[in-house]
Amino acid sequence: MTGIARKAVAELVSTFLFVLSIIGAVNSGSPLTPLAIGLALTVLVYAAGHISGAHLNPAVSFGVLIRGGIGVADFIVYVVAQLIGAAAAALVSFALWPRADKAMKLEVGPAFLVEALFTLALVWIVLNVATAKDNDGNSFYGLAIGGVVFVGATAVGSISGGGFNPAVALGLSISGQFDWAYIWLYFVAPLVGAAVAAVLFRALNNDKAAA
């Protein structure tokens, strides 16, 4: 398998595993849930980074699109693969855990703000550690990316649920942790944050690094 099909499969499988891990971690009720989510992302980024870039997140793909790292056609394929992977993970989770009885309720203003800000942080870090030419070939990119998700989930998970990822939000809405009434927020806020991160990246990196 080669080309965009190979990348799409890597994104689908990796997003499936990531979302299934999140649902399992949330169902465990463990205080280590944010750490488990961050580590899951870390290992999956290392696993699929050489194939697709391991976005696992439509907001990351949107940031990479604005940064100039992928084209519109690839962006669409990535997002479709990520959303299918997330939905499949949620459906498989029903064989392992019951659907959540009660979805998280949000205050829209604070939730939108933290989803945008921490997705900005996530995409900013992805672009700088995994796509900037000055950091080409580094071995820390996965830890940095997983680390920011751990920090975000710990810091603001009680405000928004710590989605920072429309695909994750889709999966958790299907599995019952997120309320469908807020699905728009989990799509719009991360895309806003991603766009700001990509613009900042292009403004602060020289032409060679941002090529």
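Refer to the structure printed above.
Reference entry: report on the structure contained in this document. (Residues numbered from 1 in each chain as written. Predicted model: local features only at pLDDT ≥ 70, side-chain atom pairs only at ≥ 80, totals over all residues. Heavy atoms only, no water.)

1. A short note on the overall build of the protein
The secondary structure content of the protein amounts to eight helices and zero strands. Along its sequence from the N terminus, the protein presents helices and strands in the succession α-α-α-α-α-α-α-α. A compact globule built from 211 residues should have a C-alpha radius of gyration of about 17 Å, and the protein, at 16 Å, falls within 12% of that. The dimensions of the protein, computed from C-alpha atoms along their principal axes, are 50 × 40 × 30 Å. Looking at the protein as a whole, 49% of its 211 residues are labelled buried. Long-range contacts, defined as pairs at least 24 residues apart, comprise 78% of the intrachain contacts of the protein with a sequence gap of at least 6. Summing over all exposed atoms, the protein offers an accessible surface of approximately 9300 Å²; the carbon and sulfur share of this is 69%. (Helix = DSSP H or I, 4+ residues; strand = E, 2+ residues; numbered from the N terminus. Rg over C-alpha atoms; globule rule 2.2 N^0.38 Å. Buried < 20%, exposed > 50% of the residue type's maximum accessible area, 1.4 Å probe, protein only. Contact = heavy atoms within 4.5 Å. Areas by Shrake-Rupley, 256 points an atom, 1.4 Å probe, with all protein chains shown as cover.)

2. Topic: the pattern of salt bridges
Taken as a whole, this structure holds one salt bridge when the rule is applied. Put simply, Lys105 and Asp179 hold a salt bridge, and the shortest N to O gap is 2.6 Å. One end of the pair, Lys105, is in the loop between helix H4 (72-93) and helix H5 (108-131); the other, Asp179, is in the loop between helix H7 (166-175) and helix H8 (183-204), and 74 residues separate them in sequence. (Salt bridge = Lys/Arg side-chain N within 4 Å of Asp/Glu carboxyl O.)

3. With respect to the packing of H4 against H7
In a packed pair of helices, the relevant descriptors are the angle between the two axes and the axis-to-axis distance. Where H4 meets H7, the closest approach of the two axes is 8 Å, and the angle between their N-to-C directions is 25°. With respect to H7, the element H4 is oriented roughly parallel. Between H4 and H7 the crossing geometry is right-handed. Seen from H4, the contacting residues are Gln82, Leu83, Ala86, Ala87, Ala90, Leu91 and Ser93; seen from H7, they are Pro166, Ala167, Leu170, Gly171, Ile174 and Ser175. Residue composition of the contact of H4 with H7, by class: nine nonpolar, four polar and no charged. (Axes fitted to C-alpha atoms, helices over the stretch in contact; angles between N-to-C directions. Parallel < 35°, antiparallel > 145°, perpendicular 65-115°, else oblique. Left-handed = near helix turned anticlockwise from the far one by under 90°. Nonpolar A, V, L, I, M, F, W, Y, C, P; charged D, E, K, R; others polar.)

4. Here we look at a nonpolar patch on the surface
Taken together, Val108, Trp184, Val188, Val192, Val196, Leu200 and Leu204 make up a surface patch of nonpolar side chains, about 570 Å² in accessible area. Among the elements that make up the nonpolar patch, the one with the highest residue count is H8 (six residues). With respect to the secondary-structure elements, Val196 resides in helix H8. (Patch = residues over 30% accessible without salt bridge, like charges linked within 9 Å, V, L, I, M, F, W, Y side chains within 5 Å.)

5. Looking at helix H1 (residues 3-28)
Here H1 contains 26 residues, and its C-alpha end-to-end distance of 38 Å stays within 8% of the 38 Å for a straight helix at 1.5 Å per residue. Considered for burial, the residues of H1 that qualify are Ala8, Ala10, Glu11, Ser14, Thr15, Phe18, Val19, Leu20, Ile22, Ile23, Gly24 and Ala25. The secondary structure elements touched by the buried residues of H1 are helix H2 (33-52), H4 and H7. In the segment just after H1, Gly29 is the residue with positive phi, at about 70°. (Expected span 1.5 Å × (residues − 1).)

6. Quick look at the nonpolar core
Generally speaking, a soluble globular protein has its nonpolar side chains buried in company with each other. One finds Phe18, Leu41, Leu122, Ile145 and Tyr186 to be the most contacted residues of the largest nonpolar core, which totals 51 residues. Other than its neighbours up to four places away in sequence, Leu122 contacts Asn57, Val60, Ile145, Val148, Val149 and Phe164. (Core = buried A, V, L, I, M, F, W, Y, C linked by side-chain atoms within 4.5 Å.)

7. Here's the deal with the packing of aromatic side chains
This structure, assessed with the given rule, holds five aromatic pairs. An angle of 45° between the planes, with centres 6.0 Å apart, marks the rings of Phe62 and Phe75 as tilted. Highlighted residues: Phe62 in helix H3 (residues 58-67) and Phe75 in helix H4, separated in sequence by 13 residues. With a relative accessible area of 24%, Phe62 lands in the partly exposed category. (Phe/Tyr/Trp six-rings, centres within 6.5 Å; stacked < 30°, edge-to-face > 60°.)

8. Here we look at the packing of H1 against H2
It is the contact of H1 with H2, at a shortest axis distance of 9 Å, that shows an interaxial angle of 170°. In terms of orientation, H1 and H2 fall into the roughly antiparallel class. Packed against H1, whose contacting residues are Arg6, Lys7, Ala10, Glu11, Ser14, Leu17, Phe18, Ser21, Ile22, Ala25, Val26 and Ser28, the element H2 presents Thr33, Ala36, Ile37, Ala40, Leu41, Leu44, Ala48, His50, Ile51 and Ser52 at the interface.

9. Focus: the side chain of Asn128
Considering the arrangement of structural elements, one finds Asn128 in helix H5. Discounting chain neighbours no more than four positions away, the residues touching Asn128 are Asn135, Phe201 and Asn205.

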